[in-house]
Amino acid sequence: MSTEDLKMELEKMSSKLDQVQDKVLKDWSGDGIQEYMKEQRRLQEESMAKAREQMAVLHSSLEQLKGQAQVNQKVIGERVEKLKDMRKEIEDIQTVADDMLRERELTEKEMAATQEDIAQEKELLHTQEMVTQQRLQVLEKSADWFKDRLAFNFKKTPAGRVQMILTCIDHKDPTRPFFFDVEVTPEGKYAVTACDPRVTDLDELVEKLNSTNNLRSFVITMRQRFKKMI
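Predicted model only: the values in this text are computed from it and were never measured.

> Even after reading the chapter, I still don't get the nonpolar core, so can you show me in this structure?
Most often, soluble globular proteins have nonpolar side chains that are buried together. Phe180, Phe218, Met222 and Phe226 are the most contacted members of the largest nonpolar core, which has 22 residues in total. Among the elements of the structure, β2 (162-166), β3 (178-184), β4 (190-196), α4 (202-212) and α5 (215-228) are those that each provide at least two residues to this core. Considering each element in turn, this core owes the most residues, five residues, to α5. Residues in contact with Met222, not counting those within four places in the same chain, are Leu166, Phe180, Cys195, Val199, Leu202 and Leu205.

Printed below as a string of structure tokens:
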């Protein structure tokens, strides 16, 4: 029963008591009526006291309910904030997972492209090695021809180059050596790393050698350039 209901009940009881008192006053007189009135008053006061006690209990219960409601509201608020934080964490984790997935896909594409580049590079290196070996074989096979016809000799240097030595150029000193060092680069091209004496258009001659791949013609031309310096 609520506080309002109790108030209404008390008002009804008070109204009935007043009605009873009026009736008794009309029907009764003397000591009998006085005793009756006292008894009714006592009963009324007891009822009022009980009603007040119930009201106090209800008021206490109401205050407890209000306090519990505040606690519940605080707990609900904390849970709502926790849920918001959890949702934010989930969104952050999802973002990180998406980034990792994209990064993985990109890495896989890069790895595939790198493997393809490595395969192409291996093929290119193999081709260059074959060209280098072929040109080294040309140098070795041409040695006898150079020796017999051009007073030419060659030797390998500690750096792995081939030093070509020409003699019989200076008629005053036929044994005087004229030389230049030749190597085959990793790209499979000829390069002259040393030349004594220095030939002025050596770079152009080496470029022509790489375009024609005619080593004999190059050696003959170098002999001619050395001879012009005498």
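On we go.
> Explain the packing of aromatic side chains here, please?
Each aromatic ring pair is summarised here by two numbers: the centre-to-centre distance and the angle between the ring planes. Counted under the stated rule, the structure contains three aromatic pairs. For the ring pair Phe178 and Phe226, a centre distance of 5.3 Å and an interplane angle of 40 degrees mean the geometry is tilted. Highlighted residues: Phe178 in strand β3 and Phe226 in helix α5, separated in sequence by 48 residues. With respect to burial, Phe178 and Phe226 carry one shared label: buried. Between Phe180 and Phe226 the ring centres are 6.4 Å apart and the planes differ by 35 degrees, which places this aromatic pair in the tilted class. With Phe180 in strand β3 and Phe226 in helix α5, the pair connects residues that are 46 residues apart, well separated along the chain. Phe226 sits in the buried class, given a relative accessible area of 0%. Following the ring pairs from residue to residue traces out a cluster consisting of Phe178, Phe180, Phe218 and Phe226.

> I'm lost on the sheet that holds β4 in this one. Help?
Backbone hydrogen bonds hold the strands of a sheet together, and the pairing may be parallel or antiparallel. Spatially, β1-β2-β3-β4 is the arrangement adopted by the four strands of the open sheet, whose pairing is antiparallel. Among the strands making up the open sheet, the edge pair consists of β1 (152-156) and β4. Neighbour-to-neighbour, the strand axes of the sheet open up by a mean angle of 25 degrees, direction not taken into account. By the bridge criterion, six bridges tie β3 to β4 in an arrangement that is antiparallel.

> Teacher, can you tell me more about unusual backbone geometry here?
Most peptide bonds are trans, and most residues other than glycine sit at a negative phi. Residue Pro197 is bonded to the preceding Asp196 through a cis peptide linkage, with omega at 0 degrees. Its place among the elements puts Pro197 in the loop between β4 and α4. Its identity is not glycine, yet Cys168 carries a phi of approximately 60 degrees, on the positive side. Within the secondary structure layout, Cys168 lies in the loop between β2 and β3. With relative accessibility at 48%, the residue Cys168 sits in the partly exposed group. Positive phi values are uncommon outside glycine, yet Asn213 reaches one of about 60 degrees. Structurally, the position occupied by Asn213 is in the loop between α4 and α5.

> What is the right way to read the pattern of salt bridges from this model?
Side-chain pairs of opposite charge can arise whenever the charged atoms involved come near each other. Going through the model one piece at a time under the given rule, you end up with six salt bridges. Across the salt bridge formed by Asp201 and Arg225, the nearest N and O atoms sit 3.0 Å from each other. Of the two residues, Asp201 is situated in the loop between β4 and α4 and Arg225 in helix α5; the sequence distance between them amounts to 24 residues. The partly exposed category is assigned to Asp201, whose relative accessible area is 22%.

> So what exactly am I meant to see when it comes to α5 here?
Note on helix geometry: an α-helix contains 3.6 residues per turn, so any two residues three or four positions apart are oriented the same way. Relative to the 20 Å expected for 14 residues at 1.5 Å per residue, α5 spans 20 Å between its end C-alpha atoms, a close match to the ideal helical length. The N-capping residue of α5, defined by a side-chain oxygen 3.4 Å from the backbone nitrogen of Arg216, is Asn214.

> Which parts of the structure should I look at to understand α4?
Listed as buried for α4 are Leu202, Leu205, Val206, Leu209 and Asn210. The buried residues of α4 all sit within an arc of 135 degrees when viewed along its axis, so they share a single face. Facing away from the buried side of α4, by more than 90 degrees, are the exposed residues Asp203, Glu207, Lys208 and Ser211. A positive phi of about 60 degrees marks Asn213, the residue just after α4.

What counts and how
- Residues numbered from 1 in each chain as written.
- Predicted model: local features only at pLDDT ≥ 70, side-chain atom pairs only at ≥ 80, totals over all residues.
- Heavy atoms only, no water.
- Core = buried A, V, L, I, M, F, W, Y, C linked by side-chain atoms within 4.5 Å.
- Buried < 20%, exposed > 50% of the residue type's maximum accessible area, 1.4 Å probe, protein only.
- Helix = DSSP H or I, 4+ residues; strand = E, 2+ residues; numbered from the N terminus.
- Contact = heavy atoms within 4.5 Å.
- Phe/Tyr/Trp six-rings, centres within 6.5 Å; stacked < 30°, edge-to-face > 60°.
- Pairing = 2+ DSSP bridges.
- Axes fitted to C-alpha atoms, helices over the stretch in contact; angles between N-to-C directions.
- Salt bridge = Lys/Arg side-chain N within 4 Å of Asp/Glu carboxyl O.
- Expected span 1.5 Å × (residues − 1).
- Polar contact = N/O pair within 3.5 Å; in protein donor to acceptor, adjacent residues only side chain to side chain.
- Arc of directions from axis to C-beta.

Spatial relationships are all this shows, so hold off on functional conclusions.
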